[in-house]
Amino acid sequence: MRVSANPFAFEFELARTALVIIDMQRDFIEPGGFGETLGNDVSRLSSIVPACVRVLAAWRRAGGKVLHTREAHRADLSDCPPAKRQRGQPTLRIGDVGPMGRILVAGEPGNQIIPALAPSPGEWVIDKPGKGMFYATGLHERLQGAGISHLVFMGVTAEVCVQTSMREANDRGYDGLLLEDCTESYFPEFKTATLDMIRAQGAIVGWTAPSADLLAAIGAQ
Ligand code: TIU
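These numbers come from a predicted model, not from an experiment.

Caption draft 1: Layout of the site of the ligand. For the ligand, the full set of nearby residues is Asp23, Phe28, Phe34, Leu38, Glu71, Lys131, Val156, Thr157, Val160, Cys161 and Tyr186. Measuring from a nitrogen atom of the ligand, one finds a side-chain N or O atom of Asp23 at 2.7 Å. Contact with the protein chains hides 93% of the accessible area of the ligand, taken as 280 Å² for the molecule alone. The residue makeup of the shell around the ligand, split by class, is seven nonpolar, one polar and three charged.

This is the structure in structure tokens:
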């Protein structure tokens, strides 16, 4: 399959490609979660949900592999470096109790993926303690075992967990495509910069494309 992408076409075999949905969790998208405790206006992020839902439905219909990630720490915070917990001046720190349960802790209401993008049975759900999806998750070995070489990315935030995951993937030899209208940031200029950085220098990190071009490639439009 061939997606009309930037800076040039992104070619992939469906059977060797996973749709990766990064951290579409209540903790980042809804008030009272980790994103808001850091001082962000979280309302910007929900604008991408309809486009993400369309792509996920079409990808599932096409029979493609789906992988969801969550930024999540163990209840005892043994996988949360003190440097991460102490950083900045948040109103609540990781592990503190907020309106959606303990901030950024696995199993808490706020740590769940939003209902519109809830994983289906058989889809992979990866809990990750860092920003990148490969750090301390064993994901590379699992993807290699499944014969995956290409990754299509959606999710939040563009410049933090999405970009870190794409860079980690790039260094491990995967080809990655970021769907432009399926990622967002608390800072509009950071989204723009992320898209530019990824596709610059002849796809130095990867490709970007509007989701409509992926849907066209998989015959969903
Ligand atoms: N703060 C911010 O922009 N993002 C994160 O902390 N994590 C993710 O991007 N998922």
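Right, picking up where we left off after that structure.
Caption draft 2: Inspection of the pattern of salt bridges at higher detail. Evaluation of the coordinates by the stated rule reveals 12 salt bridges. The partner of Asp23 in a salt bridge is Lys128, with the nearest N and O atoms 2.7 Å apart. Of this pair, Asp23 sits in the loop between strand S3 (17–22) and helix H1 (26–29) while Lys128 sits in strand S7 (residues 124–128); the two residues are 105 residues apart in sequence, bridging distant segments of the chain. For Asp23, a relative accessible area of 0% corresponds to the buried category. Taking the relative accessible area as the measure of exposure, Lys128 reaches 0% and is therefore buried.

Caption draft 3: Summary view of the side chain of Asp79. Tracing the backbone through its elements, the reader meets Asp79 in the loop between strand S4 (65–71) and helix H4 (82–86). Of the side chains bearing the opposite charge, Arg74 lies closest to the buried Asp79, which forms no salt bridge; the N-O distance is 4.3 Å. Each residue touching Asp79, except ones within four places of it in the same chain, is listed here: Ala72, His73, Arg74 and Pro129.

Caption draft 4: Representation of the nonpolar core. Counting 44 residues, the largest nonpolar core has Met24, Trp59, Leu177 and Leu214 as its most contacted members. Among the elements of the structure, S3, H1, helix H3 (49–62), strand S8 (150–156), strand S9 (175–184), strand S10 (207–209) and helix H8 (211–217) are those that each provide at least two residues to this core. Not counting the four nearest positions on each side in its chain, Leu214 is found in contact with Val3, Phe12, Val55, Trp59, Val152, Leu177 and Leu179.

Caption draft 5: Geometry of unusual backbone geometry. Between Asn6 and Pro7 the backbone carries a cis peptide bond, its omega angle lying at 5°. Positionally, Pro7 belongs in the loop between strand S1 (2–3) and strand S2 (10–11). The peptide bond linking Val156 to Thr157 adopts the cis configuration, its omega dihedral lying at -15°. Mapped onto the fold, Thr157 is located in the loop between S8 and helix H6 (158–171). Positive phi is not limited to glycine here, since Asp23 has a value of about 50°. If you check the backbone angles, Leu104 has positive phi at about 60° while not being a glycine. Positionally, Leu104 belongs in the loop between strand S6 (101–102) and S7.

Caption draft 6: Focus on H3. Here H3 is 14 residues long and its end C-alpha atoms lie 20 Å apart, about the 20 Å a rise of 1.5 Å per residue gives. Taken together, the buried positions of H3 are occupied by Val49, Ala51, Cys52, Val55, Leu56, Ala58 and Trp59. Along its buried surface, H3 packs onto S3, S4, S8, S9 and H8. Positioned one or two residues after H3, Gly63 has a phi angle of 90°, which is positive.

Caption draft 7: Layout of the pairing of S8. Of all the seven residues making up S8, seven are buried; the element is thus mostly covered by neighbouring parts of the structure. Of the two faces of S8, the one holding His150, Val152, Met154 and Val156 and the one holding Leu151, Phe153 and Gly155 are both buried throughout. Across six bridges, the pairing between S3 and S8 is parallel. Paired with Leu19 across the strands is Val152, a residue of S8. In terms of strand pairing, S8 meets S9 through six bridges, oriented parallel.

Conventions adopted
- Residues numbered from 1 in each chain as written.
- Predicted model: local features only at pLDDT ≥ 70, side-chain atom pairs only at ≥ 80, totals over all residues.
- Heavy atoms only, no water.
- Near = heavy atom within 4 Å.
- Polar contact = N/O pair within 3.5 Å; in protein donor to acceptor, adjacent residues only side chain to side chain.
- Areas by Shrake-Rupley, 256 points an atom, 1.4 Å probe, with all protein chains shown as cover.
- Nonpolar A, V, L, I, M, F, W, Y, C, P; charged D, E, K, R; others polar.
- Salt bridge = Lys/Arg side-chain N within 4 Å of Asp/Glu carboxyl O.
- Helix = DSSP H or I, 4+ residues; strand = E, 2+ residues; numbered from the N terminus.
- Buried < 20%, exposed > 50% of the residue type's maximum accessible area, 1.4 Å probe, protein only.
- Lys, Arg positive; Asp, Glu negative; His and termini not counted.
- Contact = heavy atoms within 4.5 Å.
- Core = buried A, V, L, I, M, F, W, Y, C linked by side-chain atoms within 4.5 Å.
- Expected span 1.5 Å × (residues − 1).
- Pairing = 2+ DSSP bridges.

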